[in-house]
Structures are given as C-alpha cells and as structure tokens.
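Overview (structure and organization)
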Amino acid sequence: MRKWVSAVLATAAVGAVAGVASTAATASATDEQAANRACQREFDHAVWEDMDSFNKRDEARYRAIIHRDMVTVGRKGQLFIGYDANVDPVIESFKLPYEWSMPWTVTHTVVNGCKSGFAILDAYYKVPSQNVNRHYTISLTLVKERGKWQVIKDTVTDVLP
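Residues numbered from 1 in each chain as written. Predicted model: local features only at pLDDT ≥ 70, side-chain atom pairs only at ≥ 80, totals over all residues. Heavy atoms only, no water.

Now for the overall build of the protein. Scanning the protein from N- to C-terminus turns up three helices and six strands. Taken from the N to the C terminus, the helices and strands of the protein come in the order α-α-β-β-α-β-β-β-β. By residue count, 29% of the 161 residues in the protein fall in the buried class. In the structure as shown, the protein presents an accessible area of about 9900 Å², 60% of it carried by carbon and sulfur atoms. (Helix = DSSP H or I, 4+ residues; strand = E, 2+ residues; numbered from the N terminus. Buried < 20%, exposed > 50% of the residue type's maximum accessible area, 1.4 Å probe, protein only. Areas by Shrake-Rupley, 256 points an atom, 1.4 Å probe, with all protein chains shown as cover.)

Our next topic: the nonpolar core. Membership of the largest hydrophobic core comes to 28 residues, with the highest contact counts inside it found for Tyr-62, Met-102, Ile-138 and Leu-142. For this core, the secondary structure elements donating two or more residues are α1 (2-55), α2 (59-65), β1 (66-73), α3 (83-94), β4 (116-127), β5 (132-145) and β6 (148-158). (Core = buried A, V, L, I, M, F, W, Y, C linked by side-chain atoms within 4.5 Å.)

Mapped onto the fold, Ser-53 is located in helix α1. According to the relative accessible area criterion, Ser-53 is buried, its value standing at 0%. Sequence-distant contacts of Ser-53, defined by excluding residues within four places in its chain, comprise Asp-58, Arg-61, Tyr-62, Ile-65 and Phe-94. (Contact = heavy atoms within 4.5 Å.)

The periodicity of an α-helix, 3.6 residues per turn, causes residues three or four positions apart to be oriented the same way. Between its terminal C-alpha atoms α3 stretches 17 Å, which fits the 16 Å expected from 12 residues at 1.5 Å a residue. Of all the positions in α3, only Asn-86, Val-87, Val-90, Ile-91, Ser-93 and Phe-94 are classed as buried. Axial view of α3: buried residues confined to an arc of 155°, hence all on one face. (Expected span 1.5 Å × (residues − 1). Arc of directions from axis to C-beta.)

Residues of β4 alternate between two faces, with Gly-117, Ala-119, Leu-121, Ala-123, Tyr-125 and Val-127 buried on one and Ser-116, Phe-118, Ile-120, Asp-122, Tyr-124 and Lys-126 left unburied on the opposite face. In the sheet, strand β3 (residues 104-112) pairs with β4 via eight bridges, with the strands oriented antiparallel. Bridge assignment links Thr-109 to a residue of β4, and that residue is Ala-119. Counted along the chain from β3 to the antiparallel partner β4, the turn is three residues long, and its residue Gly-113 has a positive phi close to 60°. Pairing geometry for β4 and β5, over 12 bridges, is antiparallel. Looking at β5, one finds that Phe-118 is bridged to Thr-141. (Pairing = 2+ DSSP bridges.)

Mapped onto the elements, Pro-128 comes out in the loop between β4 and β5. For Pro-128, a relative accessible area of 67% corresponds to the exposed category. The sequence separation of Pro-128 and Tyr-98 amounts to 30 residues, and the corresponding C-alpha distance is 9.0 Å.

A separate point is the confidence of the model for the protein. In this model, the protein carries a mean pLDDT of 87, and residues with pLDDT of at least 70 account for 83%. The low-confidence segment residues 4-14 (pLDDT under 50) makes zero contacts with residues lying over four places distant or belonging to another chain. (pLDDT = per-residue confidence, 0-100.)

Here it is, written out as structure tokens:
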C-alpha cells in the first residue's frame, strides 16, 4: 500500500510540476504574443507617421521619423544616401506652390520583433492642377533604435499601366 501511495503522490507531484511548467510556458507564450502585437502596433504607427508627416508637409515630424543613415532608391533608380540627401529634397517639395498628395494603403508588413520591419504600400502621387496621377509601390524598411522606430530605407517603384 505504501508503495502505491508513494507512486500516486509522485505521479501527482510530477503532474503538478508539469502543470506549473505548462502554465508558465503558456504565460510566457502569451506575454511574447502581447509584446509582438505591441511591436506591430508601434511599427504600424511609425509607417503612418512617415506617410502622414509627408502628406501634411510637417517638416519637424518628417525629420524625426527619418534615420540618420537612410537610403532611398528612387523610381528611376537614383540613390539618395544619408539623412540630408533624403530629407532636403522632401523638405523642398513641401514648399511647392501647388497642391499635391500621396494617398496610400499598406498592403503587407513584416515585423522582426522590436528591431526592424518592412512595409509595402500602394500609393498614388497626385497633382490635380497638373493632371498628374502616378501609381507607385513603395517599400519602407524601419529600424527601432533607442526606443524609436525610424525609416532607414525607402524604395519607390512605378506601377506600369
């Protein structure tokens, strides 16, 4: 009888430890999922911040979202390397006397933890007064450093009719 009770108690103890380990693993997985969702939301907001600051011609916000080592590959293959080479032409475009806009939709994102992420956007550059309506695919790569997401790479590609 004693062996049977010991075996039952040992089995119960193993079950309890396994249950605690399983609960801990489930809690850990849940915590990780919550952290991943928080990172995804931060990333999505940073993509929105980049495009919204551009469309609203908000120089301070636009400057803040651009990484110091940013690289852009333009629609004609031209390269812009570094902060000033990327920001200065955009800030100049903010001063254009005519109205332009770039409505956009995110079509795909990939976020690598809270370190980096990639977004593909479907966008249109519109200048109604000049009858311009260019369709682009924009790919943005962002990195998170010192608690802040910033655009480090931007590629603009013409979508041909």
